[in-house]
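Structural characterization, general
Next come the chains, spelled out residue by residue.
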Amino acid sequence: MAMRGIDRGVTSTKRSFLKSSVSWGWRNIPVTRGMHVTAVARDNTSSNEWLIRQSRDPYVKMAKTKHYRARSAFKLIEIDDKYRFLKPGSVVVDCGASPGAWTQVAVQRVNADSRDKTNKVGRVISIDLLPIHPIEGATMLEKCDLTSSETQRKVEALLGGAGVDALISDMSPNATGMQQLDHELIVRLCYHALAFAHRVLAPRGVLLCKSFDGGDSQRLLRDLRKLFDVVKTVKPRASRSDSVESFCFAGGFKGRAKTGVS
Ligand SMILES: C[S@@+](CC[C@H](N)C(=O)[O-])C[C@H]1O[C@@H](n2cnc3c(N)ncnc32)[C@H](O)[C@@H]1O
């Protein structure tokens, strides 16, 4: 069965490594985090390979140095460096936010923690099924399912009518290890993110969502093009080359008048 990237399966050895490896930067957090954990039996050899890869990964090292909660921070940094959509003063909704690395980046870039007194102050609302340890400047909706109307109502209440400048989704389904099924599950999450973005995005807003390559990728891109002026697939360097993940960047939201997502 194909295992794709770090999100695919973590044995007990890996879990303890993860637990010990998150003592930097965000202490006292109940973790088995940094990736989506699935109980998959793996032999010692692959566990060791995983540990070695983690210890050699430059992004893991950089995340420790810069106090990001996960290496995924660098995926968002790279995508935003390219498209420059996280600006001081922007309103961001971060879907699938735990443990919080993307939220950390978003808070810094939109100045949601008011660190830069000379610039506009943005907002970040972060949602996850799992707990999320607080981050100054962000509003956490933990143990919340983005696909539920209850969660979506909570987000809209927090927004109080303000338009969202960027809805970013790093949501991953619980990995089954079956490539086709995992693809279908993540595409479904992308469509939920897209439907919600359609309701809350400000005109010209951005949707960024993670997907896994597969048969429905083209349909998703086609539907995004109906609603956004610019649609690109991005594979940041921080995304492991042996992982099927990539990101759909959709910029220039055409507005709610446009419909027709199949
Ligand atoms: C790869 S992790 C996100 C990492 C995060 N972006 C970061 O940088 O720290 C994927 C997350 O998606 C969350 N998730 C999956 N389905 C979700 C849903 N329906 N609603 C909210 N969160 C969801 C999972 O709980 C998991 O924490």
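Scope of this entry: the structure provided in the associated data block. This structure is a prediction, so every number in the text was calculated from the model and none was measured. The numbering scheme is per chain: residues are counted from 1 as the chain's sequence reads. Reporting of local features is limited, given that this is a predicted model, to residues whose pLDDT is at least 70; pairs of side-chain atoms are given and counted only at 80 or more, and all residues count toward the totals for whole chains, interfaces and linings.

So, about the site of the ligand. Surrounding the ligand, one finds 23 residues, the nearest of these being Ser-72, Gly-96, Ala-101, Leu-146 and Asp-170. Tallied by class, the residues present in the shell around the ligand amount to 12 nonpolar, 7 polar and 4 charged. For each residue, a C-beta atom is placed from the backbone, and the residue counts as near a molecule or strand when that atom lies within 6 Å of it. Asp, Glu, Lys and Arg are counted as charged, while Ala, Val, Leu, Ile, Met, Phe, Trp, Tyr, Cys and Pro are counted as nonpolar; the rest, among them Gly, fall into the polar class.

It is worth spelling out the packing of helix 7 (residues 179-200) against helix 8 (residues 217-227) at this point. At a minimum axis distance of 11 Å, the contact between helix 7 and helix 8 shows a crossing angle of 5 degrees. Between helix 7 and helix 8, the crossing angle belongs to the class labelled roughly parallel. Residue-level contacts link Val-187, Cys-190, Leu-194 and His-198 of helix 7 to Leu-220, Asp-223, Leu-224 and Leu-227 of helix 8. Here the residues of the contact of helix 7 with helix 8 sort into 6 nonpolar, 1 polar and 1 charged. For helices, the fitted axis covers only the stretch in contact; all axes are lines through C-alpha atoms, and the angles between them, taken along N-to-C directions, range from 0 to 180 degrees. Strands here mean DSSP runs of E at least two residues long; helices mean DSSP runs of H or I at least four residues long; both are numbered from the N terminus. Orientation labels follow simple angle bins: below 35 degrees gives roughly parallel, above 145 gives roughly antiparallel, 65 to 115 gives roughly perpendicular, and whatever is left gives oblique. In this description, a residue-residue contact is defined by the distance between C-beta atoms placed from the backbone, which must lie within 7 Å.

Any two strands with at least two DSSP-identified bridges between them are counted as paired. Spatially, the 7 strands line up as an open sheet ordered 3-2-1-4-5-7-6, and their pairing is mixed. The two strands at the open ends of the sheet, each matched to only one other strand, are strand 3 (138-141) and strand 6 (228-234). On average, each strand axis in the sheet is inclined to that of its neighbour by 15 degrees, with strand direction left out of account. Pairing between strand 4 (residues 164-169) and strand 5 (residues 201-212): 5 bridges, direction parallel. Note that in strand 5 the partner of Val-164 across the bridge is Leu-201. Along the sheet face, helix 4 (residues 73-83) touches strand 5, strand 6 and strand 7 (245-253) and points at about 35 degrees away from the line of strand 7.

The nonpolar core is taken to be a set of buried Ala, Val, Leu, Ile, Met, Phe, Trp, Tyr and Cys residues joined by way of C-beta atoms within 7 Å. To sort residues by burial, count the other C-beta atoms lying within 10 Å of each one's C-beta; a count of 20 or more means buried, 12 or fewer means exposed, and anything in between means partly exposed. C-beta atoms are built from the backbone. If you look at the biggest cluster of nonpolar residues, it comprises 63 residues, and the most contacted ones within it are Ala-73, Leu-167, Ala-193 and Leu-207. In terms of residue count, helix 7 provides more of this core than any other element does, 9 residues in total. Apart from the residues within four sequence positions on either side, Leu-167 is in contact with Val-93, Cys-95, Ala-193, Phe-196, Ala-197, Val-200, Leu-201 and Leu-207.

Within the element layout of this structure, Met-62 appears in helix 3 (residues 58-65). Under the C-beta neighbour-count criterion, Met-62 is labelled partly exposed, with 15 such atoms within 10 Å. In this structure the C-alpha to C-alpha distance between Met-62 and Phe-74, which are 12 residues apart in sequence, comes to 8.8 Å.

So, on to unusual backbone geometry. Note: most residues except glycine have negative phi, and most peptide bonds are trans. In this model, Ser-98 is joined to Pro-99 through a cis peptide bond whose omega is 5 degrees. Within the secondary structure layout, Pro-99 lies in the loop between strand 1 (91-95) and helix 5 (101-110). If you check the backbone angles, His-67 has positive phi at about 60 degrees while not being a glycine. Note that His-67 resides in the loop between helix 3 and helix 4. The backbone phi angle of Arg-204 is positive, close to 75 degrees, even though this residue is not glycine. Along the chain, Arg-204 falls in strand 5. With 15 C-beta atoms packed within 10 Å, Arg-204 lands in the partly exposed category.

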